[in-house]
Amino acid sequence: MSDMKLTLKVWRQAGPSAPGAFKSYPASANEHMSFLEMLDVVNEDLQEQGEEPIAFDHDCREGICGSCSLVINGSPHGPKGGVTTCQLHMRSFKNGDEIVIEPWRAKSFPVLRDLVVDRSPLDRIIAAGGFISVPTGAPPDGNAIPVAKEDSDRAMDAAACIGCGACVAACPNASAMLFTSAKVVHLSLMPQGQPERNRRVLAMVNAMDEEGFGGCTNYGECQAACPKEISVENIALMNREFLRATLHDRDGAPRVAGTM
Amino acid sequence: MNRFRALWQSVIGKKIAMAGSGLILVGFLISHMASNVLVFVDPAKLDAYAEWLHGFGGLLWVARGGLLFFLLVHILAAYQLTQIARAARPTGYHAVDYRVSTYAARTMRWGGVLIAVFLVYHILHFTTGTLHPDFHPGEVGRNVIEGMQVTWTAAFYAITMVSIGAHFWHGIWSVFQTLGLNHPAWNSTRVTVATALTLLVAGGFLSIPVAALLGLLP
């Protein structure tokens, strides 16, 4: 077990409208600690000194809840790729490193405190159409609806999205298209998703635009940052779904007046 | 028409407009490049080609109007998407670490501005002759060869052609993605098509100012 001494440069901001600034803190860690455990130790020290601990989001600490965030040295969820911040271990860093820790940056994700941002815009995109409507009653027999293995695999890959928002944080346009497309494609591939297929993509893309996210310019940074390795193929499929639904849906596209 | 309006009002629709108009401009550039390299064969053939085009009279103006329209759609969509993207990230990062994005992708916007400036110069140079040192209407081959003798002009053309190449490469690859043409079996082909078209078109355009700079033009 090798101990390392680090310098953290952390974004501190007392509240949504308070001005923020970077503050440096010394930190010590061993290579087996997760990134969040390293921060826990820093916070314990801060509390002992009577200072406000660094606020950051976390919950399950096993990479499935989508709570933890943090842009670490310019990369959402840190340098490793394919993991969340809570799964990032200190062995990814070297003794003496300076680590810059920032919140997700997007107009739609206002900072609430320090490294905690409000990600409810993603919830509102889901609420707009990321569901299926089913009549209640007795549960259907298992495997009563045939689904091709290929389709179910692709739907599962898209459904792996945990909604952490790293795609928005990584995108130079602060676009939420990887997130939205994962949700759209997941349901569009399944038989259960067919009845609301057109309306879903129209409503979710509309909600995405209304929340003020940017557009996709095919940088690919979202896919590289995604802890669940969601593919940008989903963005292409969502574009296709959206074009099809706009031209073909009988009710027409629900748009909000006043947009460009 | 409401459907097209609905498309234009969404970020994805603007991207589709950008891709569609871009494709038409790509088609124009392919024919433009193919005719330009006639200067290597015989400058008189370039004159004959220009005369043939002018023979269409009114139709030529329809084509010019169409190209201008799609160019304006392309620029307007780019401008609005840039505004939306800038507004979406008012506060940037202190540390920036691009992992996979290419230089071509990150220079699409300023590259586009450079191409627009070039286009104005190019029309004043070879179409109206306003900025040409010794312009002879109708003698296209001669105008090209003499125009390219000015070193800074040839250098500006060469630099812009490299920039167009980068814009072209990312743009063509992106067209597939924006129009939803993505399939694991074909994705590497998309990049091959973009690279081949870029080498052909940007390379063809680039050959003229480079040949002029090396003194190889007839």
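Because the structure is predicted, anything quoted here is derived from the model rather than measured. (Residues numbered from 1 in each chain as written. Chains lettered and ligands numbered in written order. Predicted model: local features only at pLDDT ≥ 70, side-chain atom pairs only at ≥ 80, totals over all residues. Heavy atoms only, no water.)

(A) Quick look at the sheet that holds strand β3 (residues 71-72) of chain A. Residue and element names in this part refer to chain A. With mixed pairing, five strands are arranged side by side in an open sheet as β2-β1-β5-β3-β4. In this open sheet, the two edge strands, each paired with only one partner strand, are β2 (21-30) and β4 (75-76). Across two bridges, the pairing between β3 and strand β5 (residues 98-102) is antiparallel. Residue Ile72 lies in a different strand from β5, and its bridge partner there is Ile101. Contacts between helix α1 (residues 35-48) and the sheet are confined to β1 (3-12), β2, β3 and β5, with β2 contributing the most and set at about 110 degrees to the helix. (Pairing = 2+ DSSP bridges. Helix = DSSP H or I, 4+ residues; strand = E, 2+ residues; numbered from the N terminus. Contact = heavy atoms within 4.5 Å. Axes fitted to C-alpha atoms, helices over the stretch in contact; angles between N-to-C directions.)

(B) Expanded view of the domain arrangement of chain A. Residues and elements named next belong to chain A. We note that the domain assignment places domain 1 (3-112) and domain 2 (119-132 + 144-248) within chain A. Every contact between the two is made by 21 residues of domain 1 and, on the other side, 21 residues of domain 2. Approximately 1400 Å² of surface area, both sides summed, lies buried where domain 1 meets domain 2, with 59% of it carried by carbon and sulfur atoms. It is Pro76, Ser108 and Phe109 that lose the most area in domain 1 upon contact with domain 2, and together they represent 36% of the buried surface on that side. Counting every contact that joins domain 1 to domain 2 gives one salt bridge. In this structure, the salt-bridge partner of Asp57 is Arg119, at a minimum N-O distance of 3.1 Å. (Domains from an automatic or database assignment. Buried area = accessible area lost by both parts, 1.4 Å probe. Salt bridge = Lys/Arg side-chain N within 4 Å of Asp/Glu carboxyl O.)

(C) Region of the structure containing the packing of helix α8 (residues 233-248) of chain A against helix α2 (residues 11-36) of chain B. At a minimum axis distance of 10 Å, the contact between α8(A) and α2(B) shows a crossing angle of 95 degrees. With respect to their mutual orientation, α8(A) and α2(B) come out roughly perpendicular. Counting all contacts with α8(A), which are made through Met238(A), Asn239(A), Phe242(A) and Leu243(A), the residues of α2(B) involved are Ile12(B), Gly13(B) and Ile16(B). A per-class count over the contact of α8(A) with α2(B) returns five nonpolar, two polar and no charged. (Parallel < 35°, antiparallel > 145°, perpendicular 65-115°, else oblique. Nonpolar A, V, L, I, M, F, W, Y, C, P; charged D, E, K, R; others polar.)

(D) Expanded view of the packing of aromatic side chains. Residues and elements named next belong to chain B. Following the criterion strictly, the structure yields twelve aromatic pairs over all chains and no others. Between Tyr49 and Trp52 the ring centres are 6.0 Å apart and the planes differ by 35 degrees, which places this aromatic pair in the tilted class. Of this pair, Tyr49 and Trp52 both sit in helix α4 (residues 43-54), three residues apart, which is roughly one turn of the helix. Using a relative accessible area of 25% as the deciding quantity, one classes Tyr49 as partly exposed. Take Trp52: its relative accessible area is 53%, and that puts it in the exposed class. A ring pair is formed by Trp52 and Phe56, whose centres lie 5.1 Å apart and whose planes are at 80 degrees; its orientation type is edge-to-face. Three or more aromatic residues link up through ring pairs in this structure, and these residues are Phe118, Tyr121, Phe126, Trp152, Phe156 and Tyr157. (Phe/Tyr/Trp six-rings, centres within 6.5 Å; stacked < 30°, edge-to-face > 60°. Buried < 20%, exposed > 50% of the residue type's maximum accessible area, 1.4 Å probe, protein only.)

(E) Highlighting the nonpolar core. Within the largest apolar cluster, 43 residues are counted, with the highest numbers of intra-cluster contacts made by Phe109(A), Ile125(A), Val168(A), Leu178(A), Val201(A) and Phe213(A). At the level of secondary structure, the elements contributing two or more residues to this core comprise α2 (120-129), α4 (166-170), α5 (177-188), α6 (197-210) and α8 of chain A together with α2 of chain B. Shared between two domains, this core takes at least three residues from each, and those domains are domain 1 (3-112) and domain 2 (119-132 + 144-248) of chain A. With residues near it in sequence (within four places) discarded, Phe109(A) still touches Trp104(A), Val117(A), Asp118(A), Arg119(A), Pro121(A), Leu122(A), Gly165(A), Val168(A) and Phe213(A). With 27 residues, the next largest nonpolar core counts Leu39(A), Ile54(A), Leu70(A) and Cys86(A) among its residues. (Core = buried A, V, L, I, M, F, W, Y, C linked by side-chain atoms within 4.5 Å.)

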